[in-house]
Amino acid sequence: QVQLVESGGGAVQPGGSLRLSCAASGVIFSTYGMHWVRQAPGKGLEWVAFIQYDGSNKYYADSVKGRFTISRDNSKNTVFLQMNSLRVEDTAVYYCAKAAKGPRLEPGDWFDPWGQGTLVTVSS
Amino acid sequence: IQMTQSPSSLSASVGDRVTITCRASQSISSYVNWYQQKPGKAPKFLIYAASSLQSGVPSRFSGSGSGTDFTLTISSLQPEDFATYYCQQSYSTPPITFGQGTRLEIK
């Protein structure tokens, strides 16, 4: 059974930085792409970033491009989200999720499973 | 690609049949997936490729559609089905986009 556990959330001032982690178990982590998805309080789901199985390709939502960096350490079964220049509108629960289809970003892919989420609050 | 769900919220009773609609801003073949989210919990994956049920999901859930119009139907609502439902497309990626959600409430 695949389990994803996020950590690293917390409160930070605008302009600050935070690094989220997502540890995976029960899966051959190095063979799957991984996503980050966020949900602002009381709002819907927003895809944030994707990293390919080997880390060689990364994709970002326009809203975070240039500020967030996704990375992974396959030796530790962990994916990261480095968040810099944080804004109030980045306040959200951040979920990591496994790409269901496999190693790359593919048409038709979906998120399964999801972690429990970690809350990031950006406020002065 | 924008995904528009309707209605945004829906009140229904146990045993009712309900349908949620998701419309894409352009044709996306059958590349729509559906999720269920309960308050304070992570989303749960339900349906892929518009109509294929994830293993373990009750058969009262079904999906249909292709092109731009898609539906999620719950044939006979159970108490545990009251939640928010999201559609998601990954036809043209990146970005991956979600509908705004449909909140299903108890009448």
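**Re unusual backbone geometry**
Part 1 of the argument: Omega for the bond connecting threonine 93 of chain B with proline 94 of chain B falls within 30 degrees of zero, at -10°, which places this linkage in the cis form.
Part 2 of the argument: Locating proline 94 of chain B in the fold gives a position in the loop between strand E9 (84-89) and strand E10 (97-98).
Part 3 of the argument: Residue proline 94 of chain B is joined to proline 95 of chain B through a cis peptide bond whose omega torsion reads 0°.
Part 4 of the argument: Within the secondary structure, proline 95 of chain B sits in the loop between E9 and E10.
Part 5 of the argument: In this structure, serine 85 of chain A takes a positive phi of about 50° despite not being glycine.
Part 6 of the argument: By the secondary structure assignment, serine 85 of chain A is in the loop between strand E8 (78-83) and strand E9 (92-99).
Part 7 of the argument: The phi angle at alanine 50 of chain B is positive, at roughly 75°, despite the residue not being glycine.

**Overview of the packing of aromatic side chains**
Part 1 of the argument: Tallied over the full model, the rule gives 13 aromatic pairs over all chains.
Part 2 of the argument: Ring centres 4.5 Å apart and planes at 25° place the aromatic pair tryptophan 110 of chain A and tyrosine 48 of chain B in the stacked group. In this pair, tryptophan 110 of chain A is assigned in the loop between E9 and strand E10 (111-114) and tyrosine 48 of chain B in strand E5 (residues 44-48), connecting two distinct chains.
Part 3 of the argument: A relative accessible area of 13% places tryptophan 110 of chain A in the buried class.
Part 4 of the argument: Given the relative accessible area of 28%, tyrosine 48 of chain B is considered partly exposed.
Part 5 of the argument: Measuring from ring centre to ring centre gives 5.7 Å for tyrosine 35 of chain B and phenylalanine 45 of chain B, while their planes differ by 55°; the resulting arrangement is tilted. Of the two residues, tyrosine 35 of chain B is situated in strand E4 (residues 32-37) and phenylalanine 45 of chain B in strand E5; the sequence distance between them amounts to 10 residues.
Part 6 of the argument: An aromatic cluster is defined as three or more aromatic residues linked by ring pairs; in this entry it consists of Tyr95, Trp110, Phe111 and Trp114 of chain A together with Tyr35, Phe45, Tyr48 and Phe98 of chain B.

**A few points about the sheet that holds strand E3 (residues 18-25) of chain A**
Residue and element names in this part refer to chain A.
Part 1 of the argument: Pairing is antiparallel across the open sheet formed by four strands, whose spatial order is E1-E3-E8-E7. At either margin of the open sheet sits one strand with a lone partner, and together these are strand E1 (3-7) and strand E7 (68-73). With direction set aside, neighbouring strand axes in the sheet form an average angle of 15°.
Part 2 of the argument: Pairing of E3 with E8, which is carried by six bridges, proceeds in the antiparallel orientation. Bridging from a neighbouring strand, arginine 19 pairs with glutamine 82 of E8.

**A word on the nonpolar core**
Inside soluble globular proteins, nonpolar side chains tend to come together where they are buried.
Part 1 of the argument: Core analysis: the biggest nonpolar cluster contains 44 residues, and Trp36, Leu81 and Tyr94 of chain A have the highest contact counts within it.
Part 2 of the argument: The set of elements that each furnish at least two residues to this core consists of E3, strand E4 (34-39), strand E5 (45-51), E7, E8, E9, E10 and strand E11 (118-122) of chain A.
Part 3 of the argument: Setting aside its immediate chain neighbours within four residues, tyrosine 94 of chain A contacts Glu6, Leu20, Trp36, Val37, Arg38, Val48, Phe68, Leu81, Met83, Gly117, Thr118 and Val120 of chain A.
Part 4 of the argument: Cys22, Ala50, Phe61 and Leu72 of chain B belong to the second-largest nonpolar core, a separate cluster that totals 23 residues.

**Observations concerning the interface of chain B and chain A**
Part 1 of the argument: Taken together, the contacts link 20 residues of chain B with 20 residues of chain A.
Part 2 of the argument: In total, about 1,700 Å² of surface goes out of reach between chain B and chain A, with carbon and sulfur atoms giving 67% of it.
Part 3 of the argument: Considering only the side of chain B, the residues that lose the most area to chain A are Pro43, Ile96 and Phe98 of chain B, jointly responsible for 30% of the buried surface there.
Part 4 of the argument: Run the count over chain B and chain A and you get zero salt bridges.
Part 5 of the argument: Inspection of the region where chain B meets chain A yields 10 residue pairs in polar contact (both at pLDDT 80 or more).
Part 6 of the argument: Counting residues per element, the ones that place at least two in the side of chain B that touches chain A are E4, E5 and E9 of chain B.
Part 7 of the argument: With three residues, E4 of chain B is the largest single contributor of residues to the side of chain B that touches chain A.
Part 8 of the argument: For the side of chain B that touches chain A, the residue count by class is 12 nonpolar, seven polar and one charged.

The rules behind each value
- Residues numbered from 1 in each chain as written.
- Chains lettered and ligands numbered in written order.
- Predicted model: local features only at pLDDT ≥ 70, side-chain atom pairs only at ≥ 80, totals over all residues.
- Heavy atoms only, no water.
- Helix = DSSP H or I, 4+ residues; strand = E, 2+ residues; numbered from the N terminus.
- Phe/Tyr/Trp six-rings, centres within 6.5 Å; stacked < 30°, edge-to-face > 60°.
- Buried < 20%, exposed > 50% of the residue type's maximum accessible area, 1.4 Å probe, protein only.
- Pairing = 2+ DSSP bridges.
- Axes fitted to C-alpha atoms, helices over the stretch in contact; angles between N-to-C directions.
- Core = buried A, V, L, I, M, F, W, Y, C linked by side-chain atoms within 4.5 Å.
- Contact = heavy atoms within 4.5 Å.
- Buried area = accessible area lost by both parts, 1.4 Å probe.
- Salt bridge = Lys/Arg side-chain N within 4 Å of Asp/Glu carboxyl O.
- Polar contact = N/O pair within 3.5 Å; in protein donor to acceptor, adjacent residues only side chain to side chain.
- Nonpolar A, V, L, I, M, F, W, Y, C, P; charged D, E, K, R; others polar.

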